[in-house]
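Residue-level structural notes
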Amino acid sequence: IDEIVWKKSDMYFRSVDRFGDSTISAFITASNVRFVLLHEFKTDDGIKSFFTDVYELYMKVLLNPFYTPSTDITSNVFRQRVVALSKRHLKG
């Protein structure tokens, strides 16, 4: 991922690598936080939408005054919303 980041200015990277029959996609934020997804399907629009929505959730967590920066996100609500987004966007 590190090599690809310097070649492209987008945040979404459709295919950074392969693992067996699966594809690895990534989303890199402006602050260099990386979201990585291992998948077997090819719904590029769904994957990009999933990453964008997860990034929006992530930003809401960072803006929460009760969140301590640079710590794990342990919120069950955050996890449930990510799962709901995966069911909505990653049908494959």
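Before any of the text, the structure's been laid out above.
Presented here is a report on the structure given in the accompanying data block. (Residues numbered from 1 in each chain as written. Predicted model: local features only at pLDDT ≥ 70, side-chain atom pairs only at ≥ 80, totals over all residues. Heavy atoms only, no water.)

Quick notes on the packing of aromatic side chains
Keep this limit in mind: Side-chain rings of Phe, Tyr and Trp (the six-membered ring for Trp) are treated as a pair once their centres are within 6.5 Å; stacked means planes under 30 degrees apart, edge-to-face means over 60, and tilted covers the remaining angles. Helix and strand definitions here come from DSSP, where helices need a minimum of 4 consecutive H or I residues and strands a minimum of 2 consecutive E residues; each element is numbered from the N-terminal end. Type-normalised accessible area, obtained with a 1.4 Å probe on protein chains alone, sets the label of each residue: buried when under 20%, exposed when over 50%, and partly exposed for intermediate values.
Within the structure shown, the criterion is met by 6 aromatic pairs. Ring centres of Tyr12 and Phe51 lie 6.0 Å apart, and the angle between their planes is 55°; this geometry places the pair in the tilted category. Note that Tyr12 is positioned in strand 1 (residues 12-19) and Phe51 in helix 2 (residues 44-63), a separation of 39 residues in sequence. Like Tyr12, the residue Phe51 is buried in the burial classification. With a centroid separation of 5.6 Å and an interplanar angle of 85°, the aromatic rings of Phe35 and Tyr58 are classed as edge-to-face. Taken together, the residues Phe35 in strand 3 (residues 34-39) and Tyr58 in helix 2 connect sequence positions 23 residues apart. By relative accessible area, Tyr58 is classed as buried at 13%. A connected cluster of aromatic rings, assembled from ring pairs, spans Tyr12, Phe27, Phe35, Phe50, Phe51, Tyr55 and Tyr58.

Observations concerning the nonpolar core
For clarity, the cut-off: Each nonpolar core is a collection of buried residues, namely Ala, Val, Leu, Ile, Met, Phe, Trp, Tyr and Cys, held together in the definition by side-chain atoms within 4.5 Å. The contact definition used throughout considers only heavy atoms, calling two residues in contact when any of these lie within 4.5 Å.
Membership of the largest hydrophobic core comes to 17 residues, with the highest contact counts inside it found for Phe27, Phe35, Leu37, Ile47, Phe50, Phe51 and Leu90. For this core, the elements supplying multiple residues, two or more each, are strand 3, helix 2 and helix 3 (76-89). If you tally residues by element for this core, the top one is helix 2, at 8 residues. Sequence-distant contacts of Leu90, that is, excluding residues within four places in its chain, are made with Leu37, Phe41, Gly46, Ile47, Phe50 and Leu85. If you look at the next biggest cluster of nonpolar residues, it comprises 5 residues, including Phe13, Ile24, Ala26 and Ile28.

As for the packing of helix 2 against helix 3
Going by this rule: Here the axes come from fitting lines to C-alpha atoms, over the contacting stretch only for helices, and the angles between their N-to-C directions go from 0 to 180 degrees. Throughout this description, any angle smaller than 35 degrees is read as roughly parallel, any larger than 145 degrees as roughly antiparallel, any in the 65 to 115 degree range as roughly perpendicular, and the remainder as oblique. Handedness of each helix crossing follows the sense of rotation of the near helix against the far helix: counterclockwise by less than a right angle gives left-handed, clockwise gives right-handed. Note that Gly is not counted as nonpolar here; it falls among the polar residues with everything else outside the nonpolar set of Ala, Val, Leu, Ile, Met, Phe, Trp, Tyr, Cys and Pro and the charged set of Asp, Glu, Lys and Arg.
At a minimum axis separation of 9 Å, helix 2 and helix 3 run at an interaxial angle of 165°. In this view, helix 2 runs roughly antiparallel relative to helix 3, as classed from their interaxial angle. Read as a crossing pair, helix 2 and helix 3 show a hand that is right-handed. Listed contacts from helix 3 to Gly46, Ser49, Phe50, Asp53, Val54, Leu57, Tyr58 and Val61 of helix 2 are Phe78, Arg81, Val82, Leu85, Ser86, Arg88 and His89. Class assignment for the residues of the contact of helix 2 with helix 3 results in 8 nonpolar, 4 polar and 3 charged.

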